[in-house]
Amino acid sequence: MRSHPLLPWAGVAVRVLAGGIFIYSGVGSITGGLAAFEDKVAKYQLLPHVVTAPFAYTLPFVEVLVGLYLVVGLMTRVAAAVSCVLMVMFLIAIGQAWARGLSIDCGCSIGVANKVGPWSFLRDLALGIPSVVMLLWPARLLSLDRLFFARPAAA
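Notes on the structure follow. None of these values were measured; they are calculated from a predicted model. (Residues numbered from 1 in each chain as written. Predicted model: local features only at pLDDT ≥ 70, side-chain atom pairs only at ≥ 80, totals over all residues. Heavy atoms only, no water.)

**Regarding the layout of surface pockets**
Taken as a whole, the largest pocket encloses approximately 540 Å³ of empty space. Lining of the largest pocket is provided by 28 residues; of these, E63, F90, C106, C108 and D124 occupy positions nearest its centre. Broken down by secondary-structure element, the contributors of at least two residues to the lining of the largest pocket are α1 (7-31), α2 (34-43), α3 (49-72), α4 (76-99) and α5 (118-127). If you tally residues by element for the lining of the largest pocket, the top one is α4, at six residues. When residues of the lining of the second largest pocket are traced back to their parent elements, those giving at least two are α1 and α6 (129-136). For the lining of the second largest pocket, the class distribution of residues is ten nonpolar, one polar and two charged. (1 Å grid on protein atoms, 1.4 Å probe; cavity = no way out; pocket = protein on both sides within 12 Å on 5 of 7 lines; lining within 4 Å. Points joined across faces, edges and corners; volume = space filled by probe spheres on them. Helix = DSSP H or I, 4+ residues; strand = E, 2+ residues; numbered from the N terminus. Nonpolar A, V, L, I, M, F, W, Y, C, P; charged D, E, K, R; others polar.)

What follows is the structure in structure tokens.
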């Protein structure tokens, strides 16, 4: 059974979308001020105080790095797995804050205040779909994976 010729291009689009989501989020947290992001993380009341600052100062850079790996298609499946773990972490954080009735900004870098609740949870769930797709079917077209790790053709 032959696949549709546009399927590899759709894969590239999904890979770039997934990467772009993480780059946008990470850069937004960095440019918005890491101290402000630390304050948002602390309001979730989820991490021990001693871990909050290192987590908040590291997470945006991890997001940017994962996003870049996805966009260029380097170690795509590994980057997609890390992005899935991050999305699950975000869903757990938002879900527990919502369940506890915390009225806090979700901490997302979307340019507007967004309180935790059903819409922020559903949004993050939807934003995680491209990462799951890349985990299951990593797009190799126009990727560094293809350039560096392609198997030579049989003689």
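Now that the structure has been shown, we can carry on.
**Brief notes about the environment of S103**
Along the chain, S103 turns up in the loop between α4 and α5. In the structure, S103 is positioned 25 residues away from V78 in sequence and 34 Å away in space, judged by C-alpha atoms.

**With respect to the packing of α4 against α5**
Across the interface, α4 lies against α5 with an axial gap of 9 Å and an inter-helix angle of 170°. It follows that α4 is roughly antiparallel to α5 by the angle criterion. Every residue of α5 that contacts α4 at M87, F90, L91, I94, G95 and W98 is listed here: P118, S120, F121, R123, D124, L125 and L127. In terms of residue class, the contact of α4 with α5 is made up of nine nonpolar, two polar and two charged. (Axes fitted to C-alpha atoms, helices over the stretch in contact; angles between N-to-C directions. Parallel < 35°, antiparallel > 145°, perpendicular 65-115°, else oblique. Contact = heavy atoms within 4.5 Å.)

Bear in mind that shape data such as this cannot, by itself, settle questions of function.
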